[in-house]
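# Coordinate analysis (summary)
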Amino acid sequence: MNMEAFVLGCGGMMPLPYRHLTSVLLRRDGDLFLFDGGEGTQVSLKRLNLKWKKINAIFVSHTHADHVTGLPGILMLSAQVDRTEPLYIYGPPKIAEYIETSRKVLDMYINYPIIVKEITAPCVVHSGDGFSIRCFPLDHTKTCVGYTLEEEDRPGEFNPERASQLGVPVGPMWGMLQKGNPVVTPEGKTVNPEDVMGQKRKGRKFSFVTDTLYKPTIAENVKNSDLLICEGMFEDELIDQAKEKKHMTASQAATIARDANVKRMCMIHYSPRYTDKELEKLLHEARQVWPKTELSRDRMHIEIPYED
């Protein structure tokens, strides 16, 4: 089952000609999940030829304009196709008011169910076959949350030779064992799944963190992520400005990645004061803390493979 992330926009505060505002699309097999929807989201979706009409759910970190102004267009575009599946939208208080007001003021034609759920405490906000998406609190100038998508562990590999040795005939019994059920062989011997299945294999974890003061608890929530998308808005020289606006520096983002033992971390939500070339300064400072730090870029594609 494939899992991959697409950075639709990596900028903060205001869009630039070469940098749209923060938005990330996560594709897990047939499911599409959008994390924030800043200005320019539709442009990147189109340029990447992604099927935006298949988006299952949208997860909003907070209701500042640079994270939600791309959403009305997504809602209206989705009405241009024969969509019957509901679109779920999750976010902190005010997200329901924002969606409803946008629909009324813009006189949107919506021909599919939109289900908006506001988050008031850390919890599992969305789940599906083999995965769940959880939110946790951040510390910004208004209520803001981070998200993690975590897969359940996968069953271990089935050992057909061992099954045959134990007298389990090829056929339905093999399938029952692989599904976790014991079987009784024709000779009357009970064979349990653990007799023929290898160790469980770890599922994958994706985390999205933006617009927050640095907090050690963030690392606890994103621990062991296969991919962490994390705000690194300012250089260390501007740490006072970061604190005042309740944002993080690049080195603080790297501290989270290091402490959380993540496999891969890409920074996002850069201040518009930095040109693409000047982002190297943020990267340099972050790599002093966590050498594997990467810069995200608009329309960057990131595979999230299973652990070997």
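As shown above, the structure is provided for reference.
Everything in this summary refers to the structure shown in the same document. (Residues numbered from 1 in each chain as written. Predicted model: local features only at pLDDT ≥ 70, side-chain atom pairs only at ≥ 80, totals over all residues. Heavy atoms only, no water.)

### Here we look at the overall build of the protein
Each helix and strand counted, the protein has eleven helices and 16 strands in total. With 308 residues in all, the protein has 52% of them scored as buried. Within the protein, contacts between residues separated by at least 24 positions form 65% of all contacts whose residues are at least 6 apart in sequence. Accessible surface, the protein as shown: approximately 14,400 Å² in total, 49% of it carbon and sulfur. Where the 39 positive side-chain charges of the protein centre and where its 42 negative ones centre are 1 Å apart. (Helix = DSSP H or I, 4+ residues; strand = E, 2+ residues; numbered from the N terminus. Buried < 20%, exposed > 50% of the residue type's maximum accessible area, 1.4 Å probe, protein only. Contact = heavy atoms within 4.5 Å. Areas by Shrake-Rupley, 256 points an atom, 1.4 Å probe, with all protein chains shown as cover. Lys, Arg positive; Asp, Glu negative; His and termini not counted. Charge placed at Lys NZ, Arg CZ, Asp CG, Glu CD.)

### A word on the environment of Lys 292
One can find Lys 292 in the loop between helix H11 (279–289) and strand S15 (294–295). Taking C-alpha positions, Lys 292 is 36 Å from Leu 87, a pair spaced 205 residues apart along the chain.

### Some thoughts on the side chain of Asp 66
Take Asp 66: it is sitting in helix H2 (residues 65–68). Although Asp 66 is buried, it makes no salt bridge; Lys 142 carries the closest opposite charge, 9.4 Å away. A distance of 3.3 Å separates polar atoms of two side chains, one belonging to Asp 66 and the other to His 269. (Salt bridge = Lys/Arg side-chain N within 4 Å of Asp/Glu carboxyl O. Polar contact = N/O pair within 3.5 Å; in protein donor to acceptor, adjacent residues only side chain to side chain.)

### Side note on H11
Among all positions of H11, only Leu 279, Leu 282, Leu 283, Glu 285 and Ala 286 are buried. Looking down the long axis of H11, one finds its buried residues gathered within 165° of arc, a one-sided arrangement. Across from the buried face of H11, at angles greater than 90 degrees, the exposed residues are His 284 and Gln 288. Packed against the buried residues of H11 are helix H10 (250–260), strand S14 (265–268) and S15. (Arc of directions from axis to C-beta.)

### Considering the environment of Gly 12
With respect to the secondary-structure elements, Gly 12 resides in the loop between strand S1 (3–9) and strand S2 (23–28). Considered as a pair, Gly 12 and Ile 268 are 256 residues apart in the sequence and their alpha carbons are 8.2 Å apart. Those residues in contact with Gly 12, other than ones at most four positions away along the chain, are Leu 21, Asp 66, His 269, Tyr 270 and Pro 272.

### Comments concerning unusual backbone geometry
Even without a glycine there, the phi angle at Asp 29 is positive, about 55°. Here Asp 29 shows up in the loop between S2 and strand S3 (31–35). The residue Lys 94 is not glycine, and still its phi comes out positive at about 100°. One can find Lys 94 in the loop between strand S5 (87–91) and helix H4 (95–105).

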